[in-house]
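Examination of the molecular architecture
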Amino acid sequence: MTVYNTIIIGGGSSGLLSAIHLDDKKSILLEKNDILGKKILITGGGRCNITNNNTLENYVKSFYNGGNFYRTAFSNFFNKDIINLLEKNDCKTKVEENERVFPVSDKASTVQKTFTKILNNRATKYELNVNVKYLKKKNDLFIVKTNDSRTYKSKFVIIATGGNTYPQTGSTGDGYKFVEEFGHTITKQMGGLSPIKIKETWINNLQGIDIEVKLEIKSNKKSIVKDNGSIIFTHNGISGPVILNNSMEIEKYLRKNQSVIINLDFCEHYSYEELDNKLQEDFSKNSNKTIKTYLHNYLPKRMANEYLNYLNIDSTKILNQINKKERIKIRDSLKRLTLNVSEVLEKEAFVTNSGVKRNEIDPNTFESKLVENLFIVGELIEGCGISGGYNLQQAYSTGVLASKTILERILNDSY
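Residues numbered from 1 in each chain as written. Predicted model: local features only at pLDDT ≥ 70, side-chain atom pairs only at ≥ 80, totals over all residues. Heavy atoms only, no water.

1. Overview of the sheet that holds strand β4 (residues 93–95)
Taken together, the three strands give an open sheet; going across it, the order is β3-β5-β4, and neighbouring strands pair in antiparallel fashion. The open sheet is flanked by β3 (51–52) and β4, the only strands paired with a single partner. (Pairing = 2+ DSSP bridges. Helix = DSSP H or I, 4+ residues; strand = E, 2+ residues; numbered from the N terminus.)

Following this line, the structure appears as structure tokens:
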């Protein structure tokens, strides 16, 4: 039986970069899906937010539980490196708002196909449709067994299975089981960047609408978060960057059985008084315009009608028919639309916040501190970054650093 130098379990972003960087004919990547990088296809809304073009110091500030843990990994392989790798292989990139990097094609499949092409030109082997069910270490070798009775042996293992988000992409929590059997500790299950469910059902009719807002999140009447950003209405609640980035804070209070509400301000540049004066002036100047049409100045067209139904105001009314009570109701709800949070949808999280405790992993190599030559990378590690490409970069960087460490040991014959 062939004894490999390295077996990489998982062919997502972290596993792919590990295999590409190893470039070793005596190493192999095992992927349970029928394609590599399946989860990449759904990132960035199907466009793939490849990385973030921000500075190292901003990266460090953008991870929950602190990003200093990844400083060595980012210093070794960072955003410019992944961009250069893709650009050299004909995947052109562009930088958008908040330094987010996307493929020029706006198609995640371009990135996935490019990574696959790069790996096809490397010496590292890979096999698809391989479901690893057993991972043990006997003497100095790792033994890997699959559900179809195949057995592999290696000197090193990189576990790059991801967490348990989007199980349809293969992230079913297999890695948790493997590392726990080696004695590692998994932190309490908690969603990462998650959409939230809202109790008010009328907003379900707004599915797909996105809008910039100022928001305040309150728990038991106490303000816990104030933020600005884009939200997206979903079939049962709200999502979008500003919601995803604050979902863990919301979950923390819900787990204490505290009520959580979100106040949305659609007119942050106006005070209540200023908005009221503007409404009075506009209503006077445009007296024959319908209130539904007028609200397009503040809300997306499809949202205006549902919004007026919620306020119990006839959308066909012209502005000179809107009485003071209705005008105040419109003003107040434009400045503060209150939504009650039902739950954080952990099963729909984009990344996992729980994982292997960091103090059990060497941040200079991403080798397990409990098991020699076992490396843990990517989303399997506790804590995640905010949305915007930070988590994919963490996956690339940790995967590359693990491979670099292994290559040095192979070259130095120190294993």
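So, next bit.
2. Concerning the packing of aromatic side chains
Here the structure, examined in full by the defined rule, presents 16 aromatic pairs. Residues Y70 and F74 carry aromatic rings whose centres are separated by 6.0 Å and whose planes lie at 50° to one another, so their mutual orientation is tilted. The class for Y70 is buried, based on a relative accessible area of 0%. The exposure class assigned to F74 is buried, which follows from its relative accessible area of 1%. Ring pairing ties together the aromatic residues Y59, F63, F69, Y70, F74, F78, F366 and Y390, which thus form one cluster. Across from the ring centre of Y134, 4.9 Å away, lies the NZ or CZ of K145, which sits over that ring. Seen from the ring of Y272, K335 lies directly overhead, with NZ or CZ sitting 5.9 Å from the centre. (Phe/Tyr/Trp six-rings, centres within 6.5 Å; stacked < 30°, edge-to-face > 60°. Buried < 20%, exposed > 50% of the residue type's maximum accessible area, 1.4 Å probe, protein only. Lys NZ or Arg CZ within 6 Å of the ring centre and 35° of its normal.)

3. With respect to the side chain of N391
For N391, the location among the structural elements is in helix α13 (residues 390–412). There is a polar contact of 3.4 Å between the side chain of N391 and the backbone oxygen of I386. The contacts of N391, once residues within four sequence positions are left out, are F63, L193, V351, C384, G385 and I386. (Polar contact = N/O pair within 3.5 Å; in protein donor to acceptor, adjacent residues only side chain to side chain. Contact = heavy atoms within 4.5 Å.)

4. Brief notes about the state of the cysteines
Inspection of every chain in the model, using the stated rule, returns zero disulfides. The cysteine C48 is free of any disulfide, with C91 supplying the nearest cysteine sulfur at 8.0 Å. Classification of C91 by relative accessible area gives buried; the value is 0%. (Disulfide = S-S within 2.5 Å.)

5. Quick look at the pattern of salt bridges
Tallied over the full model, the rule gives 22 salt bridges. Between E127 and R150 there is a salt bridge, with the nearest N and O atoms lying 3.2 Å from each other. Note that E127 is positioned in strand β6 (residues 125–127) and R150 in the loop between β8 (141–146) and β9 (151–159), a separation of 23 residues in sequence. Classification of E127 as partly exposed rests on a relative accessible area of 24%. In this structure R150 comes out as partly exposed when scored by relative accessible area, which is 31%. Salt-bridge contacts for R409 lead to E367; the nearest nitrogen and oxygen are separated by 2.6 Å. Of this pair, R409 sits in helix α13 while E367 is found in the loop between β15 (337–344) and β16 (374–376), placing the two residues 42 residues apart along the sequence. Shared partners join several salt bridges into a network, and the residues in it are R47, K94, E96 and D106. (Salt bridge = Lys/Arg side-chain N within 4 Å of Asp/Glu carboxyl O.)

6. Quick word on the environment of M248
Looking at the secondary structure, you find M248 in helix α8 (residues 247–254). Take M248: its relative accessible area is 7%, and that puts it in the buried class. With 98 residues separating them in the primary sequence, M248 and E346 have C-alpha atoms 9.6 Å apart.

7. Let's talk about the packing of helix α9 (residues 272–285) against helix α12 (residues 324–335)
Taken N-terminus to C-terminus, the directions of α9 and α12 make an angle of 135°; their axes are 10 Å apart at the nearest point. With respect to their mutual orientation, α9 and α12 come out oblique. The interaxial crossing formed by α9 with α12 has right-handed handedness. In this structure, α9 uses Y272, L275, D276, L279, Q280 and F283 to contact α12, whose residues at the interface are R327, I328, R331, D332, L334 and K335. Residue composition of the contact of α9 with α12, by class: six nonpolar, one polar and five charged. (Axes fitted to C-alpha atoms, helices over the stretch in contact; angles between N-to-C directions. Parallel < 35°, antiparallel > 145°, perpendicular 65-115°, else oblique. Left-handed = near helix turned anticlockwise from the far one by under 90°. Nonpolar A, V, L, I, M, F, W, Y, C, P; charged D, E, K, R; others polar.)

8. Comments concerning a negative patch on the surface
On the surface, E97, D210, E212 and E268 cluster together into a negatively charged patch. By secondary structure assignment, the location of E97 is in the loop between β4 and β5 (100–103). With relative accessibility at 52%, the residue E97 sits in the exposed group. (Patch = residues over 30% accessible without salt bridge, like charges linked within 9 Å, V, L, I, M, F, W, Y side chains within 5 Å. Areas by Shrake-Rupley, 256 points an atom, 1.4 Å probe, with all protein chains shown as cover. Lys, Arg positive; Asp, Glu negative; His and termini not counted. Charge placed at Lys NZ, Arg CZ, Asp CG, Glu CD.)

9. What about the sheet that holds β15?
Backbone-to-backbone hydrogen bonds pair the strands of a sheet. The strands run either parallel or antiparallel. Reading around the circumference, β10-β13-β12-β11-β14-β15 is the order of the six strands in this closed barrel, with antiparallel pairing throughout. Taken over all neighbouring pairs, the strand axes of this sheet differ in orientation by 45° on average, direction set aside. Here strand β14 (residues 260–265) runs beside β15; their pairing, made up of four bridges, is antiparallel. Its bridge partner being in β15, N263 is matched across the sheet by T338. Together, β10 (196–198), β11 (210–219), β12 (222–233), β14 and β15 form the strand contacts of α8, whose direction differs from that of β15 by roughly 75°.

Structural measurements only, silent on function.
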